[in-house]
Amino acid sequence: MTTELRFLVASIVLGLLHLIVDSHLISFQYGYRWTGSNREQPVPPLRGIASRVDQAYANFMETFPFFAALVLGAHVAGRHDALTFWGAHLYFWGRLGYVLASAAGFGLVRSVVFFNTAVAGIILFLIALLR
């Protein structure tokens, strides 16, 4: 298995862990009765760590399909070089840093450093596939 595929699997695990933590934080705030309901009743906005983790999960879900498609595209095309290697590293570590910084409440660091790191990883994959 290539490094890029390993980081794709690691990103899937990160996404699943993120989903589990997010759903439990929401359930702690709204209650498990609400979680098991049809969710048609209005609820107040999430607050605190539940809100930050939920927003980080939504952000993860916005970028992950691009990363997954590019990793699989590179694999099918047989493109495995320094750009894809570093792209996979930057994406995964940027996403991990993003969720940790979100949970800790480091908004500016989260957005400027970790989000841009993950996007740089996606851009490296694009460059590798387009050249």
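Residues numbered from 1 in each chain as written. Predicted model: local features only at pLDDT ≥ 70, side-chain atom pairs only at ≥ 80, totals over all residues. Heavy atoms only, no water.

Trainee: Pulling in residues and values, what's your account of helix H3 (residues 48–77)?
Mentor: In a regular helix each residue adds 1.5 Å, so 30 residues correspond to 44 Å; H3 covers 44 Å between its end C-alpha atoms and thus fits that length. Considering bend angle alone, the principal kink of H3 is centred on Thr-63 and spans about 30°; proline Pro-65 follows within four residues of it. Phi turns positive, to about 75°, at Gly-78, one or two residues after H3. (Helix = DSSP H or I, 4+ residues; strand = E, 2+ residues; numbered from the N terminus. Expected span 1.5 Å × (residues − 1). Bend = angle between axes of the 7 residues up to and from the residue.)

Trainee: Run through the pattern of salt bridges, naming residues and quoting values.
Mentor: Note that side chains of opposite charge can pair when their charged atoms are close. This model, assessed by the stated rule, comprises 1 salt bridge. A salt bridge links Asp-81 to Arg-131; the shortest N-O distance between them is 2.2 Å. Pair noted here: Asp-81 is in the loop between H3 and helix H4 (82–104) and Arg-131 is in the segment after helix H5 (107–130), with a separation of 50 residues, a long-range link. (Salt bridge = Lys/Arg side-chain N within 4 Å of Asp/Glu carboxyl O.)

Trainee: An account of the side chain of Glu-4 is requested, with residue identities and associated values reported.
Mentor: If you trace the backbone, Glu-4 turns up in helix H1 (residues 3–30). Buried within the structure, Glu-4 lacks any salt-bridge partner; its nearest side chain of opposite charge belongs to Arg-6, at an N-O separation of 8.3 Å. (Buried < 20%, exposed > 50% of the residue type's maximum accessible area, 1.4 Å probe, protein only. Lys, Arg positive; Asp, Glu negative; His and termini not counted.)

Trainee: Residues and numbers for the side chain of Asn-59, please.
Mentor: Structurally, the position occupied by Asn-59 is in helix H3. In this structure Asn-59 comes out as buried when scored by relative accessible area, which is 12%. Polar contacts involving the side chain of Asn-59 include one to the side chain of Arg-95, which spans 2.7 Å. Once residues within four sequence positions are removed from consideration, Asn-59 is found in contact with Arg-95, Tyr-98 and Phe-115. (Polar contact = N/O pair within 3.5 Å; in protein donor to acceptor, adjacent residues only side chain to side chain. Contact = heavy atoms within 4.5 Å.)

Trainee: Describe the nonpolar core, naming the residues involved and giving the relevant values.
Mentor: One recurring pattern in soluble globular proteins is that nonpolar side chains are buried together. Judged by nonpolar contacts, the single largest core of 20 residues is most densely connected at Leu-8, Phe-64, Phe-67, Val-71, Tyr-91 and Phe-125. For this core, the secondary structure elements donating two or more residues are H1, H3, H4 and H5. Among the elements that take part in this core, H3 stands out by supplying 8 residues, more than any other. In this structure, Phe-125 is in contact with Glu-4, Phe-67, Leu-70, Val-71, Ala-74, Thr-84, Gly-87 and Ala-88, ignoring residues within four places of it in sequence. Ranked by size, the runner-up nonpolar core spans 6 residues in total, among them Ile-26, Trp-34, Ala-50 and Val-53. (Core = buried A, V, L, I, M, F, W, Y, C linked by side-chain atoms within 4.5 Å.)

Trainee: Can you break down the environment of Thr-35 residue by residue, with the values?
Mentor: Topologically, Thr-35 is positioned in helix H2 (residues 32–35). Classification of Thr-35 by relative accessible area gives partly exposed; the value is 24%. A polar contact of 2.6 Å, which involves the side chain of Thr-35, links it to the side chain of Ser-27.

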